[in-house]
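Structural overview for review
What follows is each chain in one-letter form.
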Amino acid sequence: MIDWRASKAEHPARKASWRSMEAVVAGEKEKWISLFALDGSVEDPVGPSPFDPDGLGHHGHEAIAAFWDKAIALAEGFDFTMTDSYANGLECANVGTITIHLPGNNLMDTDGVFVYRIDEDGLIRSVRAHWEMERAMKTLRAKP
């Protein structure tokens with residue numbers, strides 16, 4: 001589910017972010033990867049993490065697909081609640097919460113700022129997700 005409470009003003013980077021969220025919610029890996037430029041990148045979260053120990057990001061379609069398998073595919077679902085969005089130039093920064101449905105009937109909230117940069121063709125050049133693993137882990141709970 002996507003609960004978009006932010007600005008709905010048309011902007012190419014905002015549109016790319018919507019398409020990205022839609023593909024994740026639908027579990028459509030190939031569609032999601034096709035939204036990226038061939039040399040696009042994902043940093044989710046930015047910096048070192050269990051998904052990216054070196055903190056260098058996942059670059060190119062093959063690495064982005066591997067990130068999907070390591071991070072996105074392990075969840076049973078995602079809910080996006082975006083409360084604000086700032087778009088200018090070839091970028092947009094969405095502010096909100098991603099609720100992750102984890103195996104074992106658990107939920108975890110990831111509050112953050114999610115920055116999308118596109119190229120002139122509207123393909124995603126980069127996604128940089130600013131969130132903190134420790135804060136997200138503190139929200140781990142059983143589904144009601």
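All figures in this text were calculated on a predicted structure; none of them were measured in a lab.

**Brief notes about the overall build of the chain**
Summing up its helical and strand segments, the chain has 4 helices and 8 strands in all. When the elements of the chain are put in sequence order from the N terminus, they spell out β-α-α-β-β-α-β-β-β-β-α-β. Since a compact globule built from 144 residues should have a radius of gyration of about 15 Å, the 14 Å found for the chain is in line with a globular shape. Each of the 144 residues in the chain was classed as buried or not, and the buried ones make up 47%. Of the accessible surface of the chain, which amounts to about 7,500 Å², a share of 54% is contributed by carbon and sulfur atoms. When the 15 basic and 23 acidic side-chain charges of the chain are each reduced to a single mean position, those positions are 4 Å apart.

**A word on helix H1 (residues 12-26)**
Taking 1.5 Å per residue, 15 residues should reach 21 Å; H1 reaches 21 Å between its end C-alpha atoms and fits that length. Taken together, the buried positions of H1 are occupied by Ala13, Arg14, Ala16, Ser17, Trp18, Ser20, Met21, Ala23 and Val24. Gly27 sits one or two residues past H1 and shows a positive phi near 70 degrees.

**Looking at the layout of surface pockets**
In this structure, the largest pocket occupies an estimated 530 Å³ of space. Lining the largest pocket are 29 residues; nearest its centre among them are Asp44, Ala71, Ile72, Phe78 and Ile100. At the level of elements, H1, helix H3 (60-72), strand S4 (77-88), strand S5 (91-102), strand S6 (106-118) and strand S7 (124-130) are the ones that each hand at least two residues to the lining of the largest pocket. Classifying every residue of the lining of the largest pocket by side-chain character gives 24 nonpolar, 3 polar and 2 charged.

**Side note on the environment of Glu91**
Among the secondary structure elements, Glu91 is positioned in strand S5. The residues contacting Glu91, other than those within four sequence positions of it, are His11, Ala13, Tyr86, Val115, Tyr116 and Arg117. At a separation of 2.5 Å, a polar atom in the side chain of Glu91 contacts the side chain of Arg117.

**Points about the UniProt feature "domain: SnoaL-like" (unreviewed entry) in the chain**
Within this structure's numbering, the places UniProt gives as "domain: SnoaL-like" (unreviewed entry) are residues 20-126. Its end C-alpha atoms 12 Å apart, residues 20-126 is made of 24% helix and 47% strand.

**Some words on the packing of aromatic side chains**
Tallied over the entire structure, the rule returns 6 aromatic pairs. Between the aromatic rings of Trp32 and Trp68, the centroid separation amounts to 5.3 Å while the plane-to-plane angle is 50 degrees, which identifies the pairing as tilted. Here Trp32 is found in helix H2 (residues 29-34), whereas its partner Trp68 is found in helix H3, with 36 residues between them in sequence. Judged by its relative accessible area of 4%, Trp32 falls in the buried class. When its relative accessible area of 6% is taken as the criterion, Trp68 is described as buried. Connected via pairs of aromatic rings, a cluster forms that spans Trp32, Phe36, Phe51, Phe67 and Trp68.

Criteria and cut-off values
Residues numbered from 1 in each chain as written. Predicted model: local features only at pLDDT ≥ 70, side-chain atom pairs only at ≥ 80, totals over all residues. Heavy atoms only, no water. Helix = DSSP H or I, 4+ residues; strand = E, 2+ residues; numbered from the N terminus. Rg over C-alpha atoms; globule rule 2.2 N^0.38 Å. Buried < 20%, exposed > 50% of the residue type's maximum accessible area, 1.4 Å probe, protein only. Areas by Shrake-Rupley, 256 points an atom, 1.4 Å probe, with all protein chains shown as cover. Lys, Arg positive; Asp, Glu negative; His and termini not counted. Charge placed at Lys NZ, Arg CZ, Asp CG, Glu CD. Expected span 1.5 Å × (residues − 1). 1 Å grid on protein atoms, 1.4 Å probe; cavity = no way out; pocket = protein on both sides within 12 Å on 5 of 7 lines; lining within 4 Å. Points joined across faces, edges and corners; volume = space filled by probe spheres on them. Nonpolar A, V, L, I, M, F, W, Y, C, P; charged D, E, K, R; others polar. Contact = heavy atoms within 4.5 Å. Polar contact = N/O pair within 3.5 Å; in protein donor to acceptor, adjacent residues only side chain to side chain. UniProt positions renumbered as here; feature names shortened; annotations may be inferred. Phe/Tyr/Trp six-rings, centres within 6.5 Å; stacked < 30°, edge-to-face > 60°.

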